[in-house]
Amino acid sequence: RFLSTYNSLTDKHLAGYFNNARIRRHLQKSGLISRSGRIIPEKEYRLNAMRRDHQRYVQECLAHAIFHKVLDMERHHQLEIKRNLDYSLRKERMQKIKTSLFLDLVPQRRKFLFFQAKQFRESLEDVIPVHSPHPPLGPRNHSGLCPLVAGEQAGRSQWRAPGLGVDYGGGHCAHQHRTKE
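If you're wondering where the values come from, they're calculated on a predicted model, not measured in any experiment. (Residues numbered from 1 in each chain as written. Predicted model: local features only at pLDDT ≥ 70, side-chain atom pairs only at ≥ 80, totals over all residues. Heavy atoms only, no water.)

## Some details on the overall build of the protein chain
Here is the rule: The way it works is that DSSP assigns letters per residue, a run of H or I at least four long becomes a helix, a run of E at least two long becomes a strand, and they are numbered from the N terminus. In these tables, accessible area is a Shrake-Rupley quantity obtained with a 1.4 Å probe, and a residue counts as shielded only by the protein chains included in the view.
Per the secondary structure count, the protein chain includes four helices and zero strands. Reading the secondary structure of the protein chain in the N-to-C direction produces α-α-α-α. Carbon and sulfur atoms form 60% of the exposed surface of the protein chain, whose accessible area is close to 16,100 Å².

Given below as C-alpha cells:
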C-alpha cells in the first residue's frame, strides 16, 4: 500500500537529484512538473498525455490527408496534361490528314474545275459561236454586204458577238439593225 502512494518527486532524499538542470528539463518535457517547478498531479498528467496523444493523432491524420490530396492533385494534373497532349496530337493528325487530302485532291480538283470550265465554254459556244474578232479586210459597199473582196459575201470567221454592232444573219452590216433611241 505504501508503494502505490509513493511519489519520487516528493521524496526529500531525491531533492538534490531533481534540482539538477538537465533532470528538470527532462521532467518538464515529460509533463511531470510545470515551468515554475510545481509537481503535476497524476490525474492532470494523464489528461495532458491524452491531449498530446490526440493532438499527435490529429496531426498525423492531417498530414496523411494533405499527402493524399497532393497525390490526387498531381494525378489530376498529369491526366489534364495527357488529355491536352492527346487532343493536340489528334488535332495535328487531323490537320495532316486534311492537308494530305487537300494536296491529293488538288490535281483532281484542277481536273474537275478544268472540266467545268470546258463545259461552260462549250455551252457558251453552243449559244454564242466564238469567232476570231479581226475586222473585215475590204470596204463596205452600199448594198449592206461586207465583202472581203468585191463581190464576195463575208464569211463566218468575220462574224462578231451580239452587242458589238454586228449581225449574224446573211452578211448584212450592223448599221442596218440598230434601233432608234
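## Concerning the packing of aromatic side chains
As a reminder, the rule being used: To pair, rings of Phe, Tyr and Trp, with the six-membered ring standing in for Trp, must have centres within 6.5 Å; the planes then decide the type, stacked if under 30 degrees apart, edge-to-face if over 60, and tilted in the middle. Exposure categories follow from relative accessible area, calculated using a 1.4 Å probe and restricted to protein chains: below 20% of the type maximum is buried, above 50% is exposed, and the middle band is partly exposed.
One pass over the structure, following the stated rule, counts one aromatic pair. Taking the centre distance of 5.2 Å and the plane angle of 70° together, the rings of Tyr-17 and Phe-18 count as edge-to-face. Here Phe-18 falls in the buried class, since its relative accessible area comes to 13%.

## What about the confidence of the model for the protein chain?
The criterion, for reference: A score between 0 and 100, pLDDT records how confident the predictor is in each residue. Throughout, a residue-residue contact means that at least one pair of heavy atoms, one from each residue, lies within 4.5 Å.
Of the residues in the protein chain, 59% reach a pLDDT of 70 or more, and the chain-wide mean stands at 75. Averaged over each element, pLDDT in the protein chain is lowest for helix 1 (residues 2-5) (73) and highest for helix 3 (residues 21-30) (92). Taken as a whole, residues 171-178 scores under 50 in pLDDT and shows 17 contacts with residues more than four places along the chain or in a different chain.

## Description of the pattern of salt bridges
When the charged atoms of two side chains lie near each other, side chains of opposite charge can form a pair. Using the following cut-off: By salt bridge we mean one thing: a side-chain nitrogen of Lys or Arg within 4 Å of a carboxyl oxygen of Asp or Glu.
With the rule as written, the count across this model stands at seven salt bridges. Linking Glu-44 and Arg-38 is a salt bridge whose minimum nitrogen-to-oxygen distance equals 3.7 Å. Measuring nitrogen to oxygen at the nearest pair gives 3.0 Å for the salt bridge that ties Arg-83 to Glu-80. Of this pair, Arg-83 and Glu-80 both sit in helix 4 (residues 42-127), three residues apart, roughly one helical turn. Judged by its relative accessible area of 31%, Glu-80 falls in the partly exposed class.

## With respect to the environment of Asn-19
Residue placement: Asn-19 occurs in the loop between helix 2 (15-18) and helix 3. Judged by relative accessible area, which is 54%, Asn-19 ranks as exposed. In this structure the C-alpha to C-alpha distance between Asn-19 and Gly-37, which are 18 residues apart in sequence, comes to 9.7 Å.

## Some points on the side chain of Asp-11
Stated formally: Working convention for charge: Lys and Arg count positive, Asp and Glu count negative, and His plus the chain ends are omitted.
When you line up the elements, Asp-11 lands in the loop between helix 1 and helix 2. It turns out Asp-11 is buried and unbridged, and the closest side chain with the opposite charge, Lys-12, is 7.4 Å from it.

## A short note on a nonpolar patch on the surface
Spelled out, the test is: Like charges are joined within 9 Å and nonpolar side chains (Val, Leu, Ile, Met, Phe, Trp, Tyr) within 5 Å, but only among residues with over 30% relative accessible area and no salt bridge; these make up the patches.
Taken together, the side chains of Tyr-57, Val-58, Leu-62, Ile-66 and Val-70 make up a nonpolar region of the molecular surface, amounting to roughly 490 Å² of accessible area. Residue placement: Tyr-57 occurs in helix 4.

## Some words on helix 3
Quick reminder of the rule: Throughout this description, a polar contact denotes any pair of N or O atoms lying within 3.5 Å of each other; where both atoms belong to protein, one of them has to be capable of donating a hydrogen while the other can accept it, and for residues adjacent in sequence the pair is counted only when both atoms sit in side chains.
With a side-chain oxygen positioned 3.0 Å from the backbone nitrogen of Arg-22, the residue opening helix 3 is Asn-20. Among the residues trailing helix 3, Gly-31 stands out with phi positive, at a value near 85°.

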